[in-house]
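Here's the letter readout for the chains.
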Amino acid sequence: MSDFFKSEMVKGDLQELAKMQEYCMRAAMTFPALSPERKLEYFDVLQDMIIKQKVFYTRLKLSDDPEAIDMAEGIKQAAVMFGASEDEDANVVFDELVEKIEVMRATLQAEGS
């Protein structure tokens, strides 16, 4: 394991992201049956998770650790698969996802009014 991934802070962040991802996966499976309050909670956790992923990606890019560089490149390639151009930073995809969540949250709140 490289030095970057040995860091207690990195380990903690990865554990937190894994828990958030697990929660989001479970909530997404039952989303139609969730109460409006639980749907809003899901949107909150999902948005927080994406923002944390964006911060983590930035930390990966700033590292000179080979494994961190490889992971950042993998995220960049995934962003391209999700529609980013080769010239764009993966953060563009993170920002677009956050915007979509905000629209979904607003739509849900408008339906409840």
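Residues numbered from 1 in each chain as written. Predicted model: local features only at pLDDT ≥ 70, side-chain atom pairs only at ≥ 80, totals over all residues. Heavy atoms only, no water.

Colleague: Hey, could you run me through the confidence of the model for the chain in this one?
Modeller: Low-pLDDT stretches of the model should not have their predicted coordinates read in fine detail. Scored by pLDDT, the chain comes out at a mean of 94, with 98% of its residues at no less than 70. Of all the helices and strands in the chain, helix H1 (residues 3-6) carries the lowest mean pLDDT, 92, while helix H2 (residues 8-29) carries the highest, 97. (pLDDT = per-residue confidence, 0-100. Helix = DSSP H or I, 4+ residues; strand = E, 2+ residues; numbered from the N terminus.)

Colleague: I keep staring at the nonpolar core and nothing clicks. Help me out?
Modeller: Generally speaking, nonpolar side chains in soluble globular proteins are found buried as a group. Within the largest apolar cluster, 27 residues are counted, with the highest numbers of intra-cluster contacts made by Phe4, Phe5, Tyr42, Leu46, Phe56 and Leu60. Looking at this core, the elements with two or more residues in it are H1, H2, helix H3 (36-62), helix H4 (66-81) and helix H5 (91-112). Top element by residues in this core is H3. It accounts for eight residues. Setting aside residues up to four positions removed in sequence, Phe4 forms contacts with Val10, Phe56, Arg59, Leu60, Ser63, Asp65 and Ala68. (Core = buried A, V, L, I, M, F, W, Y, C linked by side-chain atoms within 4.5 Å. Buried < 20%, exposed > 50% of the residue type's maximum accessible area, 1.4 Å probe, protein only. Contact = heavy atoms within 4.5 Å.)

Colleague: Mind showing me how you'd approach the environment of Ser35 here?
Modeller: Relative to the helices and strands, Ser35 is located in the loop between H2 and H3. Overall, the relative accessible area of 28% leaves Ser35 in the partly exposed class. Remark: the alpha-carbon pair of Ser35 and Ala106, spanning 71 residues in sequence, is separated by 15 Å.

Colleague: I keep staring at a negative patch on the surface and nothing clicks. Help me out?
Modeller: A contiguous patch of negative charge on the surface is contributed by Glu67, Asp70, Glu73, Glu86, Asp87, Glu88, Glu96, Glu99 and Glu102. Contributing elements (two or more residues each) for the negative patch: H4 and H5. Looking at Glu73, the relative accessible area reads 42%, which means it is partly exposed. (Patch = residues over 30% accessible without salt bridge, like charges linked within 9 Å, V, L, I, M, F, W, Y side chains within 5 Å. Areas by Shrake-Rupley, 256 points an atom, 1.4 Å probe, with all protein chains shown as cover. Salt bridge = Lys/Arg side-chain N within 4 Å of Asp/Glu carboxyl O. Lys, Arg positive; Asp, Glu negative; His and termini not counted. Charge placed at Lys NZ, Arg CZ, Asp CG, Glu CD.)

Colleague: Where do I start with the environment of Asp44 in this structure?
Modeller: Relative to the helices and strands, Asp44 resides in helix H3. For Asp44, a relative accessible area of 38% puts it in the partly exposed group. C-alpha of Asp44 to C-alpha of Ile101: the two residues are 57 residues apart in sequence and 8.6 Å apart in space.

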